Amino acid sequence: MKSNFGKHLKESSLVILPITILAILLTIIFVTNSFSLIIQAIVASILLIFGITLFKIGVDKAFIPIGGLIGEIIERKHKIWFIIIIGFIFGLVSTLAEPGAHVLVGLVQGISFWPLLISLAIGIGIFLAIAFIREVFHLSFKYIILGGYAIIFLLMIFVPAEFLPIAFDLGGATTGEMTIPFIMTLGVGIAAASKNSSKDDNFGLIAICSIGPIIAAMLLSIIIQNSNNDVNLGIITEAAPLSKTLNLFLSAIINYAIRIMISILPIIVIFMLFQIFKLKLSFQKLKAILKGFIFLYVGVTIFLVGVSVSFLPMGQIIGYHIASSSISLILIIIGVILGAIVILAEPAIYVFIKEVLEVTKGKVSKKALIICLCVSIGAAIAVAMTRVLFGINFLWIILPVYGLAIILSFIVPKLYVSIAFDAGGVASGPLMAGFMLPFSMGASYAMGGNVYMDAFGLIALVAIFPVLAIQILGLIMKIRIILKLRNRKLIKKNL
């Protein structure tokens, strides 16, 4: 336990400290009267470091073991109805506790928190069940993706224009540090239970799941028919005085302690039902998993308190003051640097890369994946900041990019296609929603633009650009193989 704590604490510090240092430097340069904001950032960084550390220990001790145990039951039972139910239930309950989902849903004005979060969770549950069916029957990944996005593009006709970027953002933010390890662990059990499983079947689960929340959010917005034009944005442009900081932290602790308890409780109840009727674990194993839930609960609560009280307002304040300065174009450069640091700090990225390396046995290199992710995220943030500065319509960018990604899926080797779409799902975690999106919102507000139309959509771009980058990598690898084969044939002829 001590070694795990030390390891995770070191990893969390390496994740948070670079972002904190850069954010403080930007605050000193661009924000006047910044002392209270710097103090809040330091306190928040400590909370985030310990929050992520405890959260990761909780995932290791509770979520991953449960995923493995349920996967073993699936492998033994191998009944399609059971697999569908498991996919729906665990997709739903894991999303309810997903930190990134809590952060982004909290930023959406005009729709109540719980109806939106539950809708997203149902969307994930339905599409995780579909992903499991695809894995069992070895259905074509690209045709499922094509069908899912066909529904999305059809629904776009009826969704209020201001809500479209939000809906796409919600698809990216709901697959993160909580859901990804769990989905991947369950996926191993499904793969073991299915005959003739291939490498391609190990990937694509996250990408398919990401479709569900977009459709769910769109349907909810159509039902409510809410336009965000008249909603109070609540953009923060100045730091709260230090005298109010303690009250803000205490209020946030109470709020998130209740919210996360409500979110995690269904997972504990379902696990205990499995324990009573199926698992029957020893007292020691049961105690270890329940202890993991405590770490998970405390970690997520502390993390969200740090994000909501400091990182989120800090992002808005820095974005607002940079965009208000005489050199607003520097927003693009700063955004790219921040984006690159944030993506390297997302814990889910490394879970994903580890899975890719294990399944492909090094066929897809770690270095190539990291370069693809950094370059593509940098490009995505540059495009997002350009939208903020010049008010470019979200649809003019997202439709061609999605169209190109779908076209490439019919050209690129299958393995790279599923890896690429999964990469998009893991790139948009809670730090992207908790800092970069607020940064974009603050900048948009300063530019006098429509925050809903111009700032939101950043996470959607972060989710789709890695898809293009890794598919292009796959295309390059394919061309290299073809050229090698041609060269070998030429050599044989000459001999």
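Structural data are supplied above this passage.
Residues numbered from 1 in each chain as written. Predicted model: local features only at pLDDT ≥ 70, side-chain atom pairs only at ≥ 80, totals over all residues. Heavy atoms only, no water.

Caption draft 1: How the structure looks around the overall build of the protein. Across its full length, the protein holds 19 helices and zero strands. Relative to the compact-globule value of 23 Å for 495 residues, the protein shows a C-alpha radius of gyration of 22 Å, a close match. Its C-alpha atoms give the protein principal-axis dimensions of roughly 70 × 65 × 50 Å. Here the protein holds 495 residues, and 58% of them are scored as buried. Pairs at least 24 residues apart make up 88% of the contacts formed inside the protein by residues separated by at least 6 positions. Accessible surface computed for the protein: about 19800 Å², of which carbon and sulfur atoms make up 70%. (Helix = DSSP H or I, 4+ residues; strand = E, 2+ residues; numbered from the N terminus. Rg over C-alpha atoms; globule rule 2.2 N^0.38 Å. Buried < 20%, exposed > 50% of the residue type's maximum accessible area, 1.4 Å probe, protein only. Contact = heavy atoms within 4.5 Å. Areas by Shrake-Rupley, 256 points an atom, 1.4 Å probe, with all protein chains shown as cover.)

Caption draft 2: Layout of the nonpolar core. Judged by nonpolar contacts, the single largest core of 177 residues is most densely connected at Phe90, Phe168, Met218, Phe293, Met432 and Leu458. With 17 residues, the top contributor of residues to this core is helix H11 (residues 283-324). (Core = buried A, V, L, I, M, F, W, Y, C linked by side-chain atoms within 4.5 Å.)

Caption draft 3: Focus on the side chain of Lys56. Mapped onto the elements of the fold, Lys56 is located in helix H2 (residues 35-77). Among the polar contacts made by the side chain of Lys56, one reaches the side chain of Glu11 at a distance of 2.8 Å. (Polar contact = N/O pair within 3.5 Å; in protein donor to acceptor, adjacent residues only side chain to side chain.)

Caption draft 4: Representation of the packing of aromatic side chains in the model. This structure, assessed with the given rule, holds 14 aromatic pairs. Between the aromatic rings of Phe113 and Trp114, the centroid separation amounts to 5.2 Å while the plane-to-plane angle is 90 degrees, which identifies the pairing as edge-to-face. Looking at Trp114, the relative accessible area reads 29%, which means it is partly exposed. Look at Tyr320 and Tyr445: their rings are 6.2 Å apart centre to centre, the planes differ by 40 degrees, and that puts the pair in the tilted class. On the criterion of sequence distance, the pair formed by Tyr320 in helix H11 and Tyr445 in helix H17 (residues 430-446) is long-range, its members being 125 residues apart. Classification of Tyr445 by relative accessible area gives partly exposed; the value is 39%. Counting every residue linked through ring pairs, the aromatic cluster contains Tyr149, Phe153, Phe168, Phe394 and Tyr402. Lying over the aromatic face of Phe113, Arg259 brings its terminal NZ or CZ to 3.8 Å of the ring centre. (Phe/Tyr/Trp six-rings, centres within 6.5 Å; stacked < 30°, edge-to-face > 60°. Lys NZ or Arg CZ within 6 Å of the ring centre and 35° of its normal.)

Caption draft 5: A look at the pattern of salt bridges. In the structure shown here, the tally under the stated rule is one salt bridge. For Glu11, the salt bridge goes to Lys56, with nearest N and O atoms at 2.8 Å. Of the two residues, Glu11 is situated in helix H1 (residues 2-30) and Lys56 in helix H2; the sequence distance between them amounts to 45 residues. Glu11 gets classed as partly exposed once you look at its relative accessible area, which sits at 29%. A residue is classified by how much of its surface remains accessible, and Lys56, at 17% relative accessible area, is buried. (Salt bridge = Lys/Arg side-chain N within 4 Å of Asp/Glu carboxyl O.)

Caption draft 6: Quick peek at the environment of Ser325. Take Ser325: it is sitting in the loop between H11 and helix H12 (330-345). Between the C-alpha atom of Ser325 and that of Thr185, which follows or precedes it by 140 residues, the distance is 48 Å.

Caption draft 7: Main features of unusual backbone geometry. Positive phi, normally seen in glycine, also occurs at His138, with a value near 55 degrees. Along the chain, His138 turns up in the loop between helix H5 (113-137) and helix H6 (141-155). The residue Lys280 is not glycine, and still its phi comes out positive at about 50 degrees. Residue position: Lys280 is located in the loop between helix H10 (242-279) and H11.

Caption draft 8: Region of interest: the environment of Ile46. Here Ile46 shows up in helix H2. Residues Ile46 and Ile302, spaced 256 residues apart in sequence, show a C-alpha to C-alpha distance of 9.7 Å.

Caption draft 9: Expanded view of a nonpolar patch on the surface. Among the surface-exposed residues, Phe35, Ile39, Ile42, Val43, Ile46, Phe50 and Leu242 lie close enough to one another that they form a single nonpolar patch of about 590 Å² accessible area. Relative to the helices and strands, Phe35 resides in helix H2. The exposure class assigned to Phe35 is exposed, which follows from its relative accessible area of 58%. (Patch = residues over 30% accessible without salt bridge, like charges linked within 9 Å, V, L, I, M, F, W, Y side chains within 5 Å.)

Caption draft 10: Structural detail: helix H7 (residues 164-173). With respect to burial, H7 is a largely interior element, ten of its ten residues being buried. Regarding H7, the residues found buried are Leu164, Pro165, Ile166, Ala167, Phe168, Asp169, Leu170, Gly171, Gly172 and Ala173.

Caption draft 11: How the structure looks around H17. Over its 17 residues, H17 runs 24 Å from end to end, which matches the ideal 24 Å to within 8%, given 1.5 Å per residue. In terms of residue burial, H17 counts as a mostly covered element, since 15 of its 17 residues are buried. Note on H17: the residue one or two positions beyond its end, Gly448, has a positive phi of about 75 degrees. (Expected span 1.5 Å × (residues − 1).)

Caption draft 12: The packing of H6 against helix H15 (residues 394-409), seen in detail. Between H6 and H15, the least distance of the axes is 10 Å, while the angle of their chain directions is 160 degrees. Accordingly, the angle class assigned to the pair H6 and H15 is roughly antiparallel. For the pair H6 and H15, the crossing hand works out as left-handed. On H15, the residues that touch Lys142, Leu146, Tyr149 and Phe153 of H6 are Leu399, Tyr402, Ile406 and Ser409. Considered class by class, the residues forming the contact of H6 with H15 number six nonpolar, one polar and one charged. (Axes fitted to C-alpha atoms, helices over the stretch in contact; angles between N-to-C directions. Parallel < 35°, antiparallel > 145°, perpendicular 65-115°, else oblique. Left-handed = near helix turned anticlockwise from the far one by under 90°. Nonpolar A, V, L, I, M, F, W, Y, C, P; charged D, E, K, R; others polar.)

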